[in-house]
Amino acid sequence: MLDIIKKRRSIREFEDKEVEDEKIREILNAAMVAPSAKNKKAWEFVVVKDKDMLKKLADSGPWASFVGISKVAIVIIGDEELSSKWVEDCSLAAGQIYLEATNQGLGTCWAHIREGKTVDGENAEEFVRRLLDIPQKKRVLCIMALGYPSYWPKYYGEKDFDEKKVFYEKYK
């Protein structure tokens, strides 16, 4: 498992190759077994494969252009009526998406939506809700762009372990 964790990188460049439905299902399966506050599982997912919609979603933020060149995107939606910890729940699901995508030989990257602005300065959540017909009472945390990476960056290694960030027993 540590090998997959160290291989995981944010990938923003993808090959022109479709992602198999079985891989998407496995990634969603991993997301749905993420830890959840009081097991509320306050998440929902919209899978987007339509090229035109992916290009529109790329305008959801100033650093989301990679969504437009991905082959599929998973939009992570939270239900704050179900759980006040929806951000944490959805973030953990996104982490599982990162890891299972890597395990499946795919790359992914988080495009932030919650409390963000589009390239035109519009509320990013409202923008994504409107594009995907998401109910107003639901929250949009992020978009996870997926695809076969055009290259794999160097894996993380021992040099990435920073002993100065670790404290034992008390913060010193």
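Since this is a predicted model, take the numbers as computed values, not measurements.

A. Spatial organisation of helix H5 (residues 124-132). Buried residues of H5: Ala124, Glu125, Phe127, Val128, Arg129 and Leu132, and no others. The inward-facing, buried residues of H5 abut strand E1 (43-48), helix H3 (51-57), strand E2 (72-78) and strand E4 (139-147). Where H5 ends, the next residue or the one after it, Asp133, has phi of about 55°, a positive value.

B. Inspection of the pairing of E4 at higher detail. Across the nine residues of E4, nine count as buried, placing the element largely inside the fold. In this sheet, E4 lies alongside E2 in antiparallel orientation, the contact comprising seven bridges. Bridging from a neighbouring strand, Val72 pairs with Leu146 of E4. Two elements, strand E3 (residues 107-112) and E4, share six bridges in a ladder whose sense is antiparallel. Note on E4: the bridge partner recorded for Ala111 is Ile143.

C. View of the nonpolar core. The biggest cluster of nonpolar side chains holds 49 residues, and the ones touching the most others in it are Phe45, Val67, Ile74, Val75, Ile76, Val128 and Ile143. Of all the secondary structure elements, the ones that give two or more residues to this core are helix H2 (21-32), E1, H3, E2, helix H4 (86-103), E3, H5 and E4. Once residues lying within four places of it in the same chain are set aside, the contact partners of Val128 are Leu57, Ser60, Val75, Ile113, Ile134, Val140 and Ile143.

D. Molecular detail of the sheet that holds E1. Pairing is antiparallel in the open sheet, where four strands are placed in the order E1-E2-E4-E3. A single partner strand is all that each edge strand has here, and the edge strands are E1 and E3. In this sheet, neighbouring strand axes are inclined to one another by 25° on average, regardless of whether the strands run parallel or antiparallel. Contacts from H4 reach E1, E2, E3 and E4 within the one sheet, and its direction differs from that of E4 by about 5°.

E. A look at unusual backbone geometry. For Lys38, which is not a glycine, the phi torsion comes out positive at approximately 55°. Along the polypeptide, Lys38 turns up in the loop between H2 and E1. Given the relative accessible area of 78%, Lys38 is considered exposed. One non-glycine residue with positive phi stands out, namely Asn39, at about 55°.

F. Inspection of the packing of aromatic side chains at higher detail. The full count for this structure, using the stated rule, is one aromatic pair. For the ring pair Phe167 and Tyr171, a centre distance of 4.1 Å and an interplane angle of 35° mean the geometry is tilted. Among the residues examined, Phe167 registers a relative accessible area of 33% and is labelled partly exposed. We classify Tyr171 as exposed; its relative accessible area is 72%. The aromatic ring of Phe66 is capped on one face by Arg12, whose charged end is 5.9 Å from the ring centroid. Between Lys17 and the ring centre of Tyr148, over which it is positioned, the NZ or CZ distance is 4.1 Å.

Thresholds applied
Residues numbered from 1 in each chain as written. Predicted model: local features only at pLDDT ≥ 70, side-chain atom pairs only at ≥ 80, totals over all residues. Heavy atoms only, no water. Buried < 20%, exposed > 50% of the residue type's maximum accessible area, 1.4 Å probe, protein only. Helix = DSSP H or I, 4+ residues; strand = E, 2+ residues; numbered from the N terminus. Contact = heavy atoms within 4.5 Å. Pairing = 2+ DSSP bridges. Core = buried A, V, L, I, M, F, W, Y, C linked by side-chain atoms within 4.5 Å. Axes fitted to C-alpha atoms, helices over the stretch in contact; angles between N-to-C directions. Phe/Tyr/Trp six-rings, centres within 6.5 Å; stacked < 30°, edge-to-face > 60°. Lys NZ or Arg CZ within 6 Å of the ring centre and 35° of its normal.

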